[in-house]
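So you can see what is in the structure, the chains are spelled out below.
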Amino acid sequence: AKVTETQVAQRDVLESVQRTNRSLQRRQEMLQMRVVAAKVEAKNVTVAAFEVAVALRAELKESSMAAAAAETKAAAEVRGLMDERDSILAQHSALAATSAAALVQLQDVQTLFIDSNARNGTLEKEKHTAL
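What you see is a predicted model, and the numbers here were worked out from it, not measured in a lab.

1. A short note on the overall build of the protein
Then, in step 1: Looking only at helices and strands, the protein features one helix and zero strands.
Then, in step 2: By the compact-globule yardstick of 14 Å for 131 residues, the protein is too spread out, its C-alpha radius of gyration being 55 Å.
Then, in step 3: Structurally, the protein occupies a C-alpha span of about 190 × 15 × 10 Å along its principal axes.
Then, in step 4: The buried share of the protein, reckoned over its 131 residues, is 0%.
Then, in step 5: Accessible surface, the protein as shown: approximately 12,000 Å² in total, 62% of it carbon and sulfur.
Then, in step 6: Treating the 17 positive side-chain charges of the protein as one cloud and the 17 negative ones as another, the clouds have centres 19 Å apart.

Below you can see the structure in the form of structure tokens.
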């Protein structure tokens, strides 16, 4: 069987086309692996971003709870101070009433003392006049 130049050339072209196809196939496989790697990386970035978002949400919730607790504590302290103020005002009012009553009693005693001194003076005069 005699191989002609045309057949040799056809075989060479066929082998060249097959090499090119294999090279293109390897390149396509490499590109597909790069696409898969890029997709995996994108998913990793998405997962990391989601984890950060979850952590931030937890932090925000924690700080909100701390702020609410601080607000509740401050409100309780304010209520305590207001109760203490009300108690002091009530004590002040009671002391003022007691002071007013004591002043009235003192004035009564003073009036009795003045009356008693006046009577003593009158009695002394009557005594000197009688002597």
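Okay, back to it.
2. Some details on the environment of A118
Then, in step 1: Topologically, A118 is positioned in helix α1 (residues 5-130).
Then, in step 2: With a relative accessible area of 44%, A118 lands in the partly exposed category.

3. Structural notes on the pattern of salt bridges
Then, in step 1: A complete count under the given rule lists one salt bridge for this structure.
Then, in step 2: With a shortest N-O distance of 2.8 Å, R85 and D86 are connected by a salt bridge.
Then, in step 3: Residue D86 is classed as partly exposed on the basis of its relative accessible area of 37%.

4. Some remarks on the environment of D108
Then, in step 1: Mapped onto the secondary structure, D108 falls in helix α1.
Then, in step 2: When its relative accessible area of 44% is taken as the criterion, D108 is described as partly exposed.
Then, in step 3: On a C-alpha basis, the gap between D108 and A130 in space is 32 Å, while along the polypeptide they are 22 residues apart.

Here is what the cut-offs are and how they apply
Residues numbered from 1 in each chain as written. Predicted model: local features only at pLDDT ≥ 70, side-chain atom pairs only at ≥ 80, totals over all residues. Heavy atoms only, no water. Helix = DSSP H or I, 4+ residues; strand = E, 2+ residues; numbered from the N terminus. Rg over C-alpha atoms; globule rule 2.2 N^0.38 Å. Buried < 20%, exposed > 50% of the residue type's maximum accessible area, 1.4 Å probe, protein only. Areas by Shrake-Rupley, 256 points an atom, 1.4 Å probe, with all protein chains shown as cover. Lys, Arg positive; Asp, Glu negative; His and termini not counted. Charge placed at Lys NZ, Arg CZ, Asp CG, Glu CD. Salt bridge = Lys/Arg side-chain N within 4 Å of Asp/Glu carboxyl O.

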